[in-house]
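Reading the structure
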Amino acid sequence: MRLVEGVTLSEVLEQIRQKDSLAAAKYPLRTLLTVFQKVCDAVAFAHSRGVVHRDLKPDNIMLGARDAVSLLDLGGCRLMVGSVVGNKGAFTPGYCPPECQTSDTLKPTADSYAVGSTLYHMLTGRSPAEFLGSNAAVGGAQSVAFRNWDWTLLEQRVRRETYSFVRRCLAEKATDRPADGGVLVDEIATLLQRVNSP
């Protein structure tokens, strides 16, 4: 097993939230979006091989030397049987989709939800755990109700296309989310082109 060194995305986001000027200078929005694009690339690769991560979150994204981005905690990954994976195991509150609470199986759209939660956290500085409401007292899989996200905060911070992308990723119905990592890659590439255009 390869030793992965660096800092987690979670640590970077907390440093930025604490107004650490070095972290903010090293990880401006464009850099964070490039990190996010690499996460989507990794998710797309996993999905193309029939694997669903099931626990994507900032704690499981390592930022290393030379702009390397690695996904961690692969122990929860499951190989798809047909187009689904089993829904047994631990999930991180706020990053798991609503179907974690209601279904015995998951599709790649579960990772799309976790990617959306991660992007929301990156763009607003607010962790999904802040929006769990009364679910926070219950153990196991906990998803943020769509109405509980602070959509106004997100809308104030990003362009309309990015706002719509995050909302699609966090849709309550799995069929309304990007179908898999390949779709995520295509959509984030389009968003990055718009961010980088004058």
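This one's a predicted model, so the numbers in the text were calculated from it and none came from an experiment.

1. Looking at the sheet that holds strand S4 (residues 69-71)
One open sheet holds the three strands; their spatial order is S1-S3-S4, and the pairing between them is antiparallel. What marks the edges here is a single partner per strand, and that holds for strand S1 (7-8) and S4.

2. Brief notes about the confidence of the model for the protein chain
Residues at a pLDDT of 70 or more form 87% of the protein chain, whose mean pLDDT is 86. Of all secondary-structure elements in the protein chain, the lowest mean pLDDT belongs to strand S6 (residues 85-86), at 66, while helix H1 (residues 9-17) reaches the highest, 96. Of the regions scoring below 50 in pLDDT, residues 135-139 engages in four contacts with residues more than four places distant in sequence or in other chains.

3. A word on the pattern of salt bridges
Inspection of every chain in the model, using the stated rule, returns six salt bridges. Notably, a salt bridge pairs Arg-126 with Asp-150, separated by 3.2 Å at the nearest N-O pair. Of this pair, Arg-126 sits in the loop between helix H4 (109-124) and helix H5 (151-157) while Asp-150 is found in the loop between H4 and H5, placing the two residues 24 residues apart along the sequence. Here Arg-126 falls in the partly exposed class, since its relative accessible area comes to 26%. According to the relative accessible area criterion, Asp-150 is partly exposed, its value standing at 25%. Linked through salt bridges whose partners overlap, the residues forming this network are Arg-126, Glu-130 and Asp-150.

4. Some remarks on the packing of aromatic side chains
The description of an aromatic ring pair uses the distance of the two centres, along with the angle that the planes make with each other. If you walk through the whole model with that rule in mind, you get eight aromatic pairs. Ring geometry for Phe-36 against Phe-165: centres 6.4 Å apart, planes inclined by 80°, an arrangement best described as edge-to-face. Within this pair, whereas Phe-36 is found in helix H3 (residues 29-48), its partner Phe-165 is found in helix H6 (residues 160-169), the two being separated by 129 residues in sequence. When sorted by exposure, Phe-36 lands in the same class as Phe-165, which is buried. Here the aromatic rings of Trp-151 and Tyr-163 are separated by 6.3 Å at their centres, their planes lie at 85°, and the arrangement is edge-to-face. Residue Trp-151 is located in helix H5, and its partner Tyr-163 is located in helix H6; the two are separated by twelve residues in the primary sequence. One exposure class covers both Trp-151 and Tyr-163, and it is buried. Feature note: the residues Tyr-120, Phe-131, Phe-146, Trp-149, Trp-151 and Tyr-163 constitute an aromatic cluster, connected by ring pairs. A cation over a ring is seen here: Arg-167 above Trp-151, with NZ or CZ 4.6 Å from the ring centre.

The rules behind these values
Residues numbered from 1 in each chain as written. Predicted model: local features only at pLDDT ≥ 70, side-chain atom pairs only at ≥ 80, totals over all residues. Heavy atoms only, no water. Pairing = 2+ DSSP bridges. Helix = DSSP H or I, 4+ residues; strand = E, 2+ residues; numbered from the N terminus. pLDDT = per-residue confidence, 0-100. Contact = heavy atoms within 4.5 Å. Salt bridge = Lys/Arg side-chain N within 4 Å of Asp/Glu carboxyl O. Buried < 20%, exposed > 50% of the residue type's maximum accessible area, 1.4 Å probe, protein only. Phe/Tyr/Trp six-rings, centres within 6.5 Å; stacked < 30°, edge-to-face > 60°. Lys NZ or Arg CZ within 6 Å of the ring centre and 35° of its normal.

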